[in-house]
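# Chains, contacts and geometry: an overview
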Amino acid sequence: LSKILPAWLLLAVVPTAAVGQEPAKEPKLLTSYQDVLEVLNGDSVLHQADNKNQSIRIPTRRKDLDGVMIIRWQARDGVVQFIQSMPMEVPEERVKSVETAMMRLNHALAIPGFAINHENRLPYYRFVVPFQPRGGIQADEFRSYFQVTLKQAAGFFGPLKQVAEEGADPVEVTDKIRRTANDRKAAGQRPAT
């Protein structure tokens, strides 16, 4: 058989499970709003469900950020949204500066998502996940996306607050963030001495 098939294909056809071992179970796939509620209840996450709108409010706290994450299950659109509020006072005259900072951050980030609700001048970070091609997301992915959303919002809350409330220059603030990130990356790439 090895003379007929290449070695890489032989690896694909040789069973890898030990005798008597059960095959690996597929991770739970969340395919509905109710599935999301079951995960949150199972994980004992404090939340407030809005069944009519298929959204969930979860109080969050990380570093200086004390806010609310809204999770919206949008079956019609085929997405679930994780939206982390960034509670801060954004005076009308500072909205454009905050927008500038957010656009510059979104351009630099691998996962952009900063925006502002112009009605109440409330900044937020939004992470949108499509259900396709599987028709849902895995429970562990759901937990990871929640954490990524909270981490992004908390990580940039302080600098955005400086722009909004302290009048800091948005270009200088975002340039400083970029320099700091580049310095960290360079420090991680230096050879050990």
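Look above for the structure.
Below is a summary of the structure that appears in this document. (Residues numbered from 1 in each chain as written. Predicted model: local features only at pLDDT ≥ 70, side-chain atom pairs only at ≥ 80, totals over all residues. Heavy atoms only, no water.)

## Here we look at unusual backbone geometry
- Residue proline 133 is bonded to the preceding glutamine 132 through a cis peptide linkage, with omega at 15 degrees.
- One can find proline 133 in the loop between β7 (122-130) and β8 (137-138).
- The phi dihedral of lysine 63 is positive, around 50 degrees, even though this residue is not glycine.
- With respect to the secondary-structure elements, lysine 63 resides in the loop between β3 (55-62) and β4 (65-74).
- The exposure class of lysine 63 is exposed, given its relative accessible area of 68%. (Helix = DSSP H or I, 4+ residues; strand = E, 2+ residues; numbered from the N terminus. Buried < 20%, exposed > 50% of the residue type's maximum accessible area, 1.4 Å probe, protein only.)

## Observations regarding the layout of surface pockets
- Its volume calculated, the largest pocket comes out at about 870 Å³.
- In terms of lining, the largest pocket is formed by 29 residues, of which the most central are Gly155, Phe156, Ile177, Ala181 and Arg184.
- Classifying every residue of the lining of the largest pocket by side-chain character gives 11 nonpolar, eight polar and 10 charged.
- Empty space within the second largest pocket amounts to approximately 230 Å³.
- Lining the second largest pocket, in full, are Arg57, Val68, Ile70, Arg72, Ile83, Ser85, Asn117, Asn120, Leu122, Tyr124 and Arg126.
- Counting residues per element, the ones that place at least two in the lining of the second largest pocket are β4, β5 (79-85) and β7. (1 Å grid on protein atoms, 1.4 Å probe; cavity = no way out; pocket = protein on both sides within 12 Å on 5 of 7 lines; lining within 4 Å. Points joined across faces, edges and corners; volume = space filled by probe spheres on them. Nonpolar A, V, L, I, M, F, W, Y, C, P; charged D, E, K, R; others polar.)

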